[in-house]
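# An overview of the molecular structure
Each chain, letter by letter, is given below.
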Number of protein chains: 2
Amino acid sequence: MTVRSVAHEALSRLVLDVPDFPEPGVVFKDITPLLADHVGFAAVVAALAETGRDETGATCVDAVVGLEARGFVFAAPVALALGVGFVPVRKAGKLPRSAHQVSYTLEYGAASLELHHDALTPGDRVLVVDDVLATGGTLLAARQLVEACGATVAGVALLMELGFLDGRAVVGDLPLHPIVTI
Amino acid sequence: MTVRSVAHEALSRLVLDVPDFPEPGVVFKDITPLLADHVGFAAVVAALAETGRDETGATCVDAVVGLEARGFVFAAPVALALGVGFVPVRKAGKLPRSAHQVSYTLEYGAASLELHHDALTPGDRVLVVDDVLATGGTLLAARQLVEACGATVAGVALLMELGFLDGRAVVGDLPLHPIVTI
């Protein structure tokens, strides 16, 4: 069993489909049973972290960017596993200092995300970590924020890609690494 | 140097005071420079995790509860370090299934927190992890949610306690373990 196949099995077993949440017609992916299972959670973190390593196993990114709020749960342990800094992309009004801001639409609503101006160094190559790729609005906003700092998204580590929503077409030519595609 | 003294030094050096955020008169503790420093971040996670171990070094809690959103950044790695599940307490409307809800006031506003009914097993002893203890409203709500599930807060691991706000008096007889008290 590879790290990735163990993670795949954990996701298949421990993510619940909750229909009609947060609104009718949307099927929500509830990751709380995965988080409650420390073996499954650790397997998923290990698989996500692989995306930030080269073929020799060395870390090949300068920072891990996590998206509020569920992305934080995975991105923080991935940053610690890779031995690089953790950089939060937050919802509007949460970061206390001078920040870039991008507005975006998501599966069920609209919002803005922010990133501190000094959060990344120009030239940094970052790994973005989030749980689910749906319509791609959040991830596109995160990409724009990273690039506004002069940095580059070297890869995107995801638990799940909801292929039927075609978020992949929205975010542009990013290397996406979902553990599971649905 | 103990784990705790390394974490203390990291907090002293890497947490920024931002005056008048989010409103005039409030001094916000900006933890983003700490998160960006993987050595400092790892030291703080290690110190927080110690709170969930007994004198032999064995894990002595059944789960780690983290409070949205900044608490997630610390609670998730602490749960992985202790080898127990991670249980998120979320802001109202984010958890997709049947949940307990508690309203609370905080340093600058009011809100509600939720915890899935099945998130904890009656009799569980949990470690609550958050970044800052301010007026205590959030932590009291988290305690009430844990107890509504029939579980007990065995300890609270915190980066910082703002002693001048006296949140300790609000939360009742909880074992609080701040790395730093200001």
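Residues numbered from 1 in each chain as written. Chains lettered and ligands numbered in written order. Predicted model: local features only at pLDDT ≥ 70, side-chain atom pairs only at ≥ 80, totals over all residues. Heavy atoms only, no water.

### Some remarks on the pattern of salt bridges
- Applying the stated rule across the entire model yields 20 salt bridges over all chains.
- A salt bridge links A:Asp37 to A:Arg13, with the nearest nitrogen and oxygen atoms 4.0 Å apart. Of this pair, A:Asp37 sits in the loop between helix H2 (32-36) and helix H3 (38-50) while A:Arg13 sits in helix H1 (residues 3-14), and the two are 24 residues apart along the sequence.
- The closest approach of N and O atoms between B:Arg143 and B:Glu147, which form a salt bridge, is 2.9 Å. Here B:Arg143 pairs with B:Glu147, and both are found in helix H5 (residues 137-148), just four residues apart, close to one helical turn.
- Members of the salt-bridge network, linked through shared partners, are A:Glu9, A:Arg13 and A:Asp37. (Salt bridge = Lys/Arg side-chain N within 4 Å of Asp/Glu carboxyl O. Helix = DSSP H or I, 4+ residues; strand = E, 2+ residues; numbered from the N terminus.)

### A few points about unusual backbone geometry
All names here are of chain A.
- With omega at 0°, the peptide bond leading from Phe-21 into Pro-22 counts as cis.
- Among the structural elements, Pro-22 can be located in the loop between strand S1 (16-19) and strand S2 (27-30).
- At Asp-20, a residue that is not glycine, the phi angle is positive and equals roughly 60°.
- For Asp-20, the location among the structural elements is in the loop between S1 and S2.
- Unlike most non-glycine residues, Asp-166 shows phi in positive territory, near 55°.
- As for its placement among the helices and strands, Asp-166 is situated in the loop between strand S8 (152-161) and helix H6 (167-171).

### Quick look at H3(A)
- Compared with the 18 Å implied by 1.5 Å per residue over 13 residues, the 18 Å span of H3(A) between its first and last C-alpha is a close match.
- For H3(A), the set of buried residues is A:Gly40, A:Phe41, A:Ala43, A:Val44, A:Val45, A:Ala47, A:Leu48 and A:Ala49. (Expected span 1.5 Å × (residues − 1). Buried < 20%, exposed > 50% of the residue type's maximum accessible area, 1.4 Å probe, protein only.)

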